[in-house]
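# Per-entry structural report
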Amino acid sequence: LAAGSPLVSTSANRSGKPAAMSGLAARLKLGDQLDAVLCGPLGNATGPSDIRVAQSDAVIRRGG
C-alpha cells in the first residue's frame, strides 16, 4: 500500500465524491482498487460515520 499500512473505513469514495452506501456501489466505483469489501448493516445511517483512532477515540474524519 502507498500508505505503508492497512486502511480501514466505514465508507468508500474518492475524495470529494459521495460515499458508496453498499458493497456493490463500492465495487462499481472503485473496482479492482479494493482488496475486499466487508458488507454490514447500515441501520438508519444515511451517510458516512466518524472515523476514529481505536486506541484514543480521536476523530480522524467527521461523518455526514
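Residues numbered from 1 in each chain as written. Predicted model: local features only at pLDDT ≥ 70, side-chain atom pairs only at ≥ 80, totals over all residues. Heavy atoms only, no water.

Locating Ala-58 in the fold gives a position in the loop between β1 (51-52) and β2 (59-61). Note on Ala-58: relative accessible area 35%, which makes it partly exposed. Not counting chain neighbours up to four residues away, the residues in contact with Ala-58 comprise Ile-51, Arg-52 and Val-53. (Helix = DSSP H or I, 4+ residues; strand = E, 2+ residues; numbered from the N terminus. Buried < 20%, exposed > 50% of the residue type's maximum accessible area, 1.4 Å probe, protein only. Contact = heavy atoms within 4.5 Å.)

A few words now on helix α1 (residues 23-30). Of all the positions in α1, only Gly-23, Ala-26 and Leu-30 are classed as buried. The buried side chains of α1 occupy one side of the element, clustering within an arc of 60° when seen end-on. Residues of α1 that are exposed and angled more than 90 degrees away from the buried face: Leu-24 and Leu-28. In the stretch just after α1, Gly-31 is the one whose phi turns positive, near 50°. (Arc of directions from axis to C-beta.)

This part is about the pattern of salt bridges. Scanning the entire structure with this criterion turns up three salt bridges. The partner of Arg-52 in a salt bridge is Asp-50, with the nearest N and O atoms 3.3 Å apart. In this structure, the salt-bridge partner of Arg-62 is Asp-50, at a minimum N-O distance of 3.0 Å. Note that Arg-62 is positioned in the segment after β2 and Asp-50 in the loop between α1 and β1, a separation of twelve residues in sequence. Judged by its relative accessible area of 55%, Arg-62 is exposed. (Salt bridge = Lys/Arg side-chain N within 4 Å of Asp/Glu carboxyl O.)

Here we take up the environment of Ala-20. With respect to the helices and strands, the residue Ala-20 is situated in the segment before α1. With relative accessibility at 9%, the residue Ala-20 sits in the buried group. Put simply, Ala-20 and Gly-47 are 27 residues apart on the chain and 8.9 Å apart in space, counted from C-alpha to C-alpha. Excluding residues that lie within four positions of it along the chain, Ala-20 makes contacts with Ala-12, Asn-13, Ala-25, Ala-26 and Lys-29.

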